[in-house]
Amino acid sequence: MPVPTSAPTEHQLLRDTVRHKIHAAIMDGTLEPGERLNDDELIAWLGVSRTPIREALSQLARAGLIEMAPNRYTRVTTPDPDEVLEAMQTLGVLFGGVVRLAVPRLTAGTRKKVLAQLDKTIAEFESHDVPAVNHDALDVFALFVAECGNDNLQRVCRDTMDGLAFRLRLPNLDELVDWDQMTADFRRLREATESGDNIAAELATEAIHLLPGEKR
């Protein structure tokens, strides 16, 4: 028998719209780390009822962008220096596979776009622009995610990478990692991407994210 299908309901679409707006406000800094989220203020801002807001906040909490304690608080996650290594390595496991799959699939135009984003990020590393690196380094790997050709891996990355990357948004990130080595590893990633060497690109990505492996 045919499997019944149904279109998304208006309620589901409203919840998703709310989630996207709050997500964007967190990622662009409009809502700052540790900021408490009040239902009434969110209702006034978003112009919707409490139910889709609470559902959207629950989804963002699962993604790691929101912290919730029943009857106590709902607030934007505050990055913790003690979580840097774990978050970096988790991203490295995901992005290493993504890069290995994506590099052979890049068209000339897409490769040029990726290289331009890598150049921008490397320049930010070289100028020690920590806030810019905090915001822009993820964009490099988002481009690889879009080109990896694996729907399941893309879904996992899109569900988790923003929350993990947000935990790295620390003003003193350069004091918590080997900044010079990370800059060198980004250069290695650029060279491997330009030459189409997906294995070297994967290794550089894993090194960027502090995964143990080859001796450097």
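### Quick look at the nonpolar core
1) Next: In terms of nonpolar packing, the biggest core is built from 43 residues, with F95, F141, F144, C157, F186 and L189 touching the most fellow members.
2) Next: If you list the elements that add at least two residues to this core, you get α4 (84-102), α5 (108-126), α6 (130-147), α7 (151-166), α9 (179-195) and α10 (198-208).
3) Next: Ignoring any residue separated from it by four or fewer positions in sequence, one finds F186 in contact with L118, T121, I122, F125, A137, F141 and I208.
4) Next: Core analysis: the next-biggest nonpolar cluster, separate from the first, contains 18 residues, A25, I26, V48 and I66 among them.

### Some remarks on empty space enclosed by the protein
1) Next: Here the structure, examined in full by the defined rule, presents one cavity of 30 Å³ or more.
2) Next: Each pocket or cavity is described by its volume, and for the largest cavity that value is around 220 Å³.
3) Next: Surrounding the largest cavity, 18 residues form its lining, M88, V133, A137, L138 and L168 being those nearest its centre.
4) Next: Listing elements by their share of the lining of the largest cavity, those giving two or more residues are α4, α6 and α9.

### Here's the deal with the packing of aromatic side chains
1) Next: Applying the stated rule across the entire model yields five aromatic pairs.
2) Next: Taken together, a centroid distance of 5.0 Å and an interplanar angle of 40° make the contact between F125 and F186 tilted. Separated by 61 residues along the polypeptide, F125 in helix α5 and F186 in helix α9 bring together distant segments of the chain. With respect to burial, F125 and F186 carry one shared label: buried.
3) Next: Residues F141 and F186 carry aromatic rings whose centres are separated by 6.1 Å and whose planes lie at 55° to one another, so their mutual orientation is tilted. Of this pair, F141 sits in helix α6 while F186 is found in helix α9, placing the two residues 45 residues apart along the sequence.
4) Next: Relative accessible area serves as the criterion here: at 2%, F186 is assigned to the buried category.
5) Next: Through a chain of ring-to-ring contacts, three or more aromatic side chains come together here, namely F95, F125, F141, F144, W179 and F186.
6) Next: Sitting over the ring of Y73, R75 keeps its end group 3.8 Å from the ring centre.

### Observations concerning α4
In an α-helix there are 3.6 residues to a turn, and that puts residues three or four apart on one side.
1) Next: In this model, α4 (19 residues) spans 26 Å end to end at C-alpha, consistent with the 27 Å of a helix rising 1.5 Å per residue.
2) Next: Lining the buried residues of α4 we find α6, α7, α8 (173-176), α9 and α10.

### Topic: the packing of α4 against α10
1) Next: At a minimum axis distance of 8 Å, the contact between α4 and α10 shows a crossing angle of 170°. The orientation of α4 relative to α10 falls into the category roughly antiparallel. Facing M88, G92, F95, G96, G97, V99 and R100 of α4, the residues of α10 in contact are N198, I199, A201, E202, T205, E206 and I208.
2) Next: Partitioning the contact of α4 with α10 into residue classes produces six nonpolar, five polar and three charged.

### With respect to the layout of surface pockets
1) Next: The space that makes up the largest pocket amounts to roughly 260 Å³.
2) Next: Secondary-structure elements contributing two or more residues to the lining of the largest pocket are α1 (10-27), α3 (50-62) and α7.
3) Next: Sorting elements by how many residues they give to the lining of the largest pocket places α7 first, with four residues.
4) Next: The residue inventory of the lining of the largest pocket, partitioned by class, reads three nonpolar, four polar and five charged.
5) Next: Considered as a void within the structure, the second largest pocket measures approximately 190 Å³ in volume.
6) Next: Among the elements that take part in the lining of the second largest pocket, α6 stands out by supplying four residues, more than any other.

### Examining the pairing of strand β2 (residues 73-76)
1) Next: Pairing between strand β1 (residues 66-69) and β2: four bridges, direction antiparallel. When the bridges of β2 are listed, I66 appears paired with V76.

### Thoughts on the pattern of salt bridges
1) Next: In total, this model carries 13 salt bridges according to the counting rule given.
2) Next: The closest approach of N and O atoms between E194 and R190, which form a salt bridge, is 3.0 Å. Linking E194 with R190, this pair stays in helix α9, spanning four residues, or about one helical turn.

### What about the packing of α6 against α7?
1) Next: Orientation of α6 relative to α7, taken along the N-to-C sense of each, is 175°, at an axis distance of 10 Å. Considering the angle they form, α6 stands roughly antiparallel to α7. Taking contact as the criterion, the partners of L138, A142, V145, A146 and E147 in α6 are, on α7, Q154, C157, R158, M161, D162 and A165.
2) Next: Of the residues in the contact of α6 with α7, the class split is seven nonpolar, one polar and three charged.

What counts, and at which threshold
- Residues numbered from 1 in each chain as written.
- Predicted model: local features only at pLDDT ≥ 70, side-chain atom pairs only at ≥ 80, totals over all residues.
- Heavy atoms only, no water.
- Core = buried A, V, L, I, M, F, W, Y, C linked by side-chain atoms within 4.5 Å.
- Buried < 20%, exposed > 50% of the residue type's maximum accessible area, 1.4 Å probe, protein only.
- Helix = DSSP H or I, 4+ residues; strand = E, 2+ residues; numbered from the N terminus.
- Contact = heavy atoms within 4.5 Å.
- 1 Å grid on protein atoms, 1.4 Å probe; cavity = no way out; pocket = protein on both sides within 12 Å on 5 of 7 lines; lining within 4 Å.
- Points joined across faces, edges and corners; volume = space filled by probe spheres on them.
- Phe/Tyr/Trp six-rings, centres within 6.5 Å; stacked < 30°, edge-to-face > 60°.
- Lys NZ or Arg CZ within 6 Å of the ring centre and 35° of its normal.
- Expected span 1.5 Å × (residues − 1).
- Axes fitted to C-alpha atoms, helices over the stretch in contact; angles between N-to-C directions.
- Parallel < 35°, antiparallel > 145°, perpendicular 65-115°, else oblique.
- Nonpolar A, V, L, I, M, F, W, Y, C, P; charged D, E, K, R; others polar.
- Pairing = 2+ DSSP bridges.
- Salt bridge = Lys/Arg side-chain N within 4 Å of Asp/Glu carboxyl O.

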